[in-house]
Amino acid sequence: MNKTKTYIAYIYVTYRPDTKEFYIGSRTIKNKTPSDDFRYFGSGTWVKDMYKYGIYIKKEVLAVFSEKEKARVYEFRAINHFSKHPLNRNIHLGVNVGR
C-alpha cells in the first residue's frame with residue numbers, strides 16, 4: 001500500500017465583505033485541496049482579531065502551487081504590491097524569499 005503524502009501550497013485573501021479590509025497569506029496542506037481547508041482563514045493578528053470579536057470574514061484562493069517556494073514568492077509579491085493600500089491588514093511583507 002502506497003501512502004504518499006501530497007503537499008500543495010496556496011495563496012489566499014481573507015477579507016471583510018462590509019469594509020473590504022483584507023489580509024493576504026499562504027498555506028501548505030497535505031492530502032487535501034484548498035476547498036477542503038475551508039476552516040482556515042489565516043494566522044495574522046488582524047484575522048485573529050476578527051475571530052475574537054466575531055466579525056464575519058471570507059476567504060478566496062488566489063493561486064495554487066505544487067512547490068512551496070513558488071507560493072512564497074507569489075505571496076511576497078502580492079503583499080508587497082498592496083503594501084500601501086489603506087485596507088491592507090498585513091503587518092509584514094511576507095516570507096523573505098530567495099535568500
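Residue indices begin from 1 for each chain and proceed along its sequence in written order. It should be noted that, the model being predicted, local features are given only for residues of pLDDT at least 70 and side-chain atom pairs only at 80 or more, the latter also being counted only at that level, while totals for whole chains, interfaces and linings use all residues. For side-chain calculations, the full set of non-hydrogen atoms in the structure is used, while hydrogens and water are omitted.

**With respect to the pattern of salt bridges**
Salt bridges are defined by distance alone: a side-chain nitrogen of Lys or Arg within 4 Å of a carboxyl oxygen of Asp or Glu. A complete count under the given rule lists six salt bridges for this structure. Between Arg-16 and Asp-18 there is a salt bridge, and its shortest N-O distance comes to 2.7 Å. On the accessibility criterion, Arg-16 (14% relative accessible area) is buried. The buried label goes to any residue with under 20% of its type's maximum accessible area, the exposed label to any with over 50%, and the partly exposed label to all in between, with areas taken from a 1.4 Å probe on protein chains only. Of the residues examined, Asp-18 reaches a relative accessible area of 56% and is grouped as exposed. Here the salt bridges share partners, and the residues they tie into one network are Arg-16, Asp-18, Glu-21 and Arg-89.

**Side note on the side chain of Asn-88**
Helix and strand labels come from DSSP, where a helix needs a run of H or I of at least four residues and a strand needs a run of E of at least two; each type is numbered from the N terminus. Here Asn-88 is to be found in the segment after helix H2 (68–81). A distance of 2.9 Å separates a polar atom in the side chain of Asn-88 from the backbone oxygen of Phe-82. Sequence-distant contacts of Asn-88, defined by excluding residues within four places in its chain, comprise Phe-22, Ile-79, Phe-82 and Ser-83. Throughout this description, a polar contact denotes any pair of N or O atoms lying within 3.5 Å of each other; where both atoms belong to protein, one of them has to be capable of donating a hydrogen while the other can accept it, and for residues adjacent in sequence the pair is counted only when both atoms sit in side chains. Only heavy atoms enter the contact rule, under which two residues are in contact if any of them lie within 4.5 Å.

**A few points about the packing of aromatic side chains**
Stacked, tilted and edge-to-face are the three classes applied to pairs of Phe, Tyr and Trp rings, where Trp contributes its six-membered ring and a pair requires centres within 6.5 Å; stacked means planes under 30 degrees apart, edge-to-face means over 60, and tilted covers the rest. What the rule picks out here adds up to six aromatic pairs. Ring centres 5.6 Å apart and planes at 80° place the aromatic pair Phe-22 and Phe-82 in the edge-to-face group. Of this pair, Phe-22 sits in strand S2 (residues 22–30) while Phe-82 sits in the segment after H2; the two residues are 60 residues apart in sequence, bridging distant segments of the chain. Through successive ring pairs, a cluster of aromatic residues spans Tyr-10, Tyr-12, Tyr-23 and Tyr-40.

**With respect to the confidence of the model for the chain**
Looking at the chain as a whole, the pLDDT averages 91, with 91% of positions reaching at least 70. The pLDDT value tells you how sure the predictor is about a given residue, anywhere from 0 up to 100. The secondary structure element of the chain with the lowest average pLDDT is H2, at 95, and the one with the highest is strand S3 (residues 58–65), at 98.

**Details of unusual backbone geometry**
The phi dihedral of Lys-20 is positive, around 70°, even though this residue is not glycine. Backbone geometry places Asn-31, a non-glycine residue, at a positive phi of 55°. Note that Asn-31 resides in the loop between S2 and helix H1 (45–52).

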